[in-house]
Each structure stands twice: as C-alpha cells, then as structure tokens.
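What follows is the residue order along each chain.
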Amino acid sequence: MSEPFDDEDDEEAVVAPLRSVAPAVATEAVAAEKGQRVNVGLDVGTMNLVCASLNQASKVDITTLRNVFLTVDKTDLGEMDLSKISHARIDDSIFILSNDAYNFANIFGYRINRSMQKGMISPEDINSADVLATMIRELIGGEATGGRPGKCVYSVPADPINTRSNVLYHQNIIGRIISEIGYTPEPLNEAVAIIYAECADTDFSGISMSFGAGLTNVAVVYKSIPVLEFALNRGGDWIDDNVAMAVGTIPNRVVAIKEKDFDINRFDSGRKKERKVREALGYYYTNLIHFVVKSAVKELDRRDLDLGFPDSIPMIISGGTSLAGGFLDLVREQVQQEEWPLALSTVRYASDPLSCVAQGCLIKSLKS
Ligand SMILES: Nc1ncnc2c1ncn2[C@@H]1O[C@H](COP(=O)(O)OP(=O)(O)OP(=O)(O)O)[C@@H](O)[C@H]1O
Ligand SMILES: [Mg+2]
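Conventions and cut-offs
- Residues numbered from 1 in each chain as written.
- Chains lettered and ligands numbered in written order.
- Predicted model: local features only at pLDDT ≥ 70, side-chain atom pairs only at ≥ 80, totals over all residues.
- Heavy atoms only, no water.
- Near = heavy atom within 4 Å.
- Polar contact = N/O pair within 3.5 Å; in protein donor to acceptor, adjacent residues only side chain to side chain.
- Areas by Shrake-Rupley, 256 points an atom, 1.4 Å probe, with all protein chains shown as cover.
- Nonpolar A, V, L, I, M, F, W, Y, C, P; charged D, E, K, R; others polar.
- Axes fitted to C-alpha atoms, helices over the stretch in contact; angles between N-to-C directions.
- Helix = DSSP H or I, 4+ residues; strand = E, 2+ residues; numbered from the N terminus.
- Parallel < 35°, antiparallel > 145°, perpendicular 65-115°, else oblique.
- Left-handed = near helix turned anticlockwise from the far one by under 90°.
- Contact = heavy atoms within 4.5 Å.
- Pairing = 2+ DSSP bridges.
- Core = buried A, V, L, I, M, F, W, Y, C linked by side-chain atoms within 4.5 Å.
- Buried < 20%, exposed > 50% of the residue type's maximum accessible area, 1.4 Å probe, protein only.
- Expected span 1.5 Å × (residues − 1).

**Q** Which residues make up the site of ligand 1, and what values go with them?
**A** With respect to spatial proximity, 21 residues lie near ligand 1, and among them Thr46, Met47, Asn48, Gly214 and Glu259 are the closest. In the environment of ligand 1, an oxygen atom lies 3.2 Å from a nitrogen or oxygen atom belonging to the side chain of glutamate 190. A distance of 3.0 Å separates an oxygen atom of ligand 1 from a polar backbone atom of alanine 213. In isolation ligand 1 has 660 Å² of accessible area, and contact with the protein removes 94% of it. Of the residues belonging to the shell around ligand 1, the class tally is seven nonpolar, ten polar and four charged.

The structure is reproduced here in structure tokens:
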C-alpha cells in the first residue's frame, strides 16, 4: 500500500472546493436598482480574488475565485466542449481558470500556475496579466453584478520592507484592467481596508494584520486616516515552500494538510510523514507570527510617529493564513511580550478573515 505522500496523488491534494464565505457587513447604503451603476470592492490576492457587492436586498454578496490557472495544449483538449469551463484563449494558447484549473491539473497531470506571487502580478508568466484580467472580468463584469459598472475599489499591498518590489506596476495594471471592464478604479491598501470593514465602532481606528498567501500586510489607521502601512515578504506560500523543503515533499501536499485541520500546537495526527509536515508547519507558523509582531513594533518605533492616540485601539487579525488552529492565541501571547508605542484595547479576529478586505473596499467605494 502506498504512503499518503506518494507522488501519484500529489496533484489531487490541491483540489479544493470553492469556499463560500458568509457576508458579515451590513452597510447603510442602498443597493442599486437594475440598470443603475454598481460599486464593488475587489480583493486582488495572491491566492484568492474576492468580490463584495450589494445585492437587491442591500445585503453584501461575496464571490471568490482561486487565483490559479493552467496552460493547456490544444491537442490535449481534442474536441472537448469548453463552453461550461472557465477559460481564456490568448494568442494560440488556452488557459483553464480558477477551480476548473484544479480539475484539469488532475486529468492531465499538469502543474498549476499562479498569476500573482508575493502580492503582485507574477513576472514568471508573460500571460499573467491577461489571465488575471479574464478572472477579474468574471468576478465584477456586468453579468456578475447585474448592473452598470460604477466604482471599483481594489486592494493593493504596501511596499514590502527590505525587498525590491513592483507595487507601482501591479497597481497600474490592475487599475487598467478594471477600467477596461468599465469601472472607475481606486486602489486601497489591503490592511487599511480591514479597518474600514471592522472598526466602525472605534471610528475607524485600529491596527490590522493581514496574513495572506504572498505577503503579510500591516496598517495603523486613526479615524480613517492611514498612519502607517507596510508589508513583509512572508505569508502562506513562504510557510508552504519551507515546510515542503524541510520534510521533502511538494508545497501542494503541505497546503492540503494546512488548510484541512491544522493546529499550531498539535503535531500528533496522521501517518509519519504527515506528522512531520505538521511539526514543521508549527515551527514556521510560530516563526512567522514572531517575525510579524516584532517587525510591527520595530517599524512603529523606527518611524518615530506621534502615536499618542487619546484612546486605545483594537488589533484586527485577518487573512487565510491566520485560520490555523491556535493562531490567535499565539499572536496574543507574542503581542503581550512586546512593548508597544500605542495602547491596544484587544487583539481579535476579523469577522470573516477571507472576505473582510473586499468588504472594506466595498465600504470605501460606497462612502467616497
Ligand atoms: N483553514 C486554513 N488554515 C490555514 N491556512 C489557510 C486556511 N485557508 C487558507 N489558508 C491559506 O491562506 C492563504 C490565502 O489567504 P488569503 O486569501 O488571505 O491570501 P491572499 O489575499 O490571496 O494573498 P495576499 O494577501 O498575500 O496577496 C494561503 O496560503 C492558504 O493556503
Ligand atoms: Mg490578501
């Protein structure tokens, strides 16, 4: 009998159902009637593209697409009917998009492609921007929202500290894609969006940490005004790659274990190699949390800002990587060990860590 880590089921490990995320924000804004302009919030993430819009009942609708694709050779497809499959034809190539890409990866044994890495458009595939444009159109195009395009506030990362980055290029390309669909684009820092979604009760003041796939973004916002924004070059992908390297498996396999039922403090379930993955995940998760919390304190100190806010502010933890069991407790533990230049009232999760960036973008689009 084969070990659960044999290569033959490696691709199967990446097949993940489209997650449905519960809408959490009620806004006082009224949804557009049919034919009226529709504003949307769009989280352009390394792993997930998330759209928030208001439906006819003025409730928030959330739609998510995995930001992955597959380049397929025409001869492999033969006479296959692609009409029900999310795909794009660019030049002579066919690209299967998002969740359908996972299924095709299984059939043909292909490696999945990512249109973004480290929070920005991937320079590794010349087709990244075109493929991303197709997926964004699928999420926010007229058919998806049922109205005429209005404003689209979209998330962008901050410049990662200590690394070179192409945020400027990324931000402009996404803006161009959105305006070609017909919307008026407006970029918004990802971590600032979390404060807009979560901190109405503190007059939009707080510190947020978004633990994503490509980056971790941090922001301090006081009464809606961003005081500090920065990103760190580590996230879920960094954990996956390092764990895979450490235990001799592929990142997809690590992702499958991590997203299913991983707890930072428990290494004991599964067979031998799975236990090794869990142990390594625990070490890298712990390291990530220490790194982010220490970096936040260091950046706050280094910028020497006057942070004598009259009230203490909440810290909001968000992003897919923060969903691991034991994550919040470890953040709280680490936060308590540091000396903060501002007063914290609480350290808590965002109400929906996978969609709050899109919801914050939507709120901004409706208020500005
Ligand atoms: N239940 C879970 N437990 C642990 N990790 C998870 C879970 N669900 C998703 N993840 C991880 O969260 C990450 C995706 O999170 P998220 O959607 O917030 O990132 P993103 O916004 O696409 O990326 P970024 O903000 O860095 O551009 C991936 O690394 C994914 O493997
Ligand atoms: Mg993100």
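So that's the structure; there's more coming.
**Q** Requested: an account of the packing of helix α7 (residues 236-247) against helix α9 (residues 272-303), with residues and values cited.
**A** Two numbers describe how α7 lies on α9: the axes approach to 9 Å, and their chain directions differ by 135°. Viewed along their axes, α7 and α9 adopt a mutual orientation that is oblique. Taken as a pair, α7 and α9 cross one another with a handedness that is right-handed. Here Trp238, Ile239, Asn242, Val243 and Val247 of α7 come into contact with α9, specifically with Lys273, Lys276, Val277, Ala280, Leu281, Tyr284, Tyr285, Asn287 and Leu288. Residues that form the contact of α7 with α9 fall into these classes: ten nonpolar, two polar and two charged.

**Q** Residues and numbers for the sheet that holds strand β13 (residues 216-222), please.
**A** Spatial ordering of the open sheet is given by β14-β13-β12-β15-β16, a layout of five strands whose pairing is mixed. Every interior strand has two partners, whereas the edge strands, β14 (225-232) and β16 (344-349), have only one. Going across the sheet, the axis of each strand differs from the next one's by a mean of 15°, ignoring polarity. Set on the sheet, helix α6 (residues 190-198) makes contact with β12 (206-211), β13, β14, β15 (313-318) and β16; between it and β12 the angle comes to about 120°.

**Q** Help me get a handle on the nonpolar core, residues and values and all.
**A** Residues Met209, Leu281, Ile317 and Trp340 are the most contacted members of the largest nonpolar core, which totals 43 residues. Among the elements of the structure, β12, β13, β14, α7, α8 (251-261), α9, β15 and α10 (327-337) are those that each provide at least two residues to this core. No other element matches the eleven residues that α9 contributes to this core. When neighbours within four sequence positions are excluded, methionine 209 is seen to be in contact with Asn217, Val218, Val292, Val293, Ala296, Met315, Ile316, Ile317, Ser318 and Trp340.

**Q** Would you mind going over α9 in detail, with residue names and values included?
**A** Its 32 residues give α9 an end-to-end C-alpha distance of 46 Å, which sits within 8% of 46 Å, the value for a rise of 1.5 Å per residue. Positive phi shows up at aspartate 304, right after α9, with a value of about 50°.

**Q** Give me unusual backbone geometry: which residues, what numbers.
**A** If a residue is not glycine, its phi is most likely negative; likewise, a peptide bond is most likely trans. With a phi angle near 50°, lysine 118 is a residue other than glycine that sits in the positive phi range. Structurally, the position occupied by lysine 118 is in the loop between β8 (116-117) and β9 (120-121). Residue aspartate 203 is not a glycine yet carries a positive backbone phi of 60°. As for its position among the elements, aspartate 203 is in the loop between α6 and β12.

**Q** Tell me about the packing of helix α3 (residues 128-140) against helix α5 (residues 167-181), and please be specific about residues and values.
**A** Two numbers describe how α3 lies on α5: the axes approach to 10 Å, and their chain directions differ by 45°. What the angle tells us is that α3 and α5 run oblique. As for how α3 packs across α5, the hand of that crossing is right-handed. Here α3 contributes Ala129, Leu132, Ala133, Ile136, Arg137 and Ile140 to the contact with α5, which in turn contributes Ile173, Ile174, Ile177, Ile178, Glu180 and Ile181. Residue composition of the contact of α3 with α5, by class: ten nonpolar, no polar and two charged.

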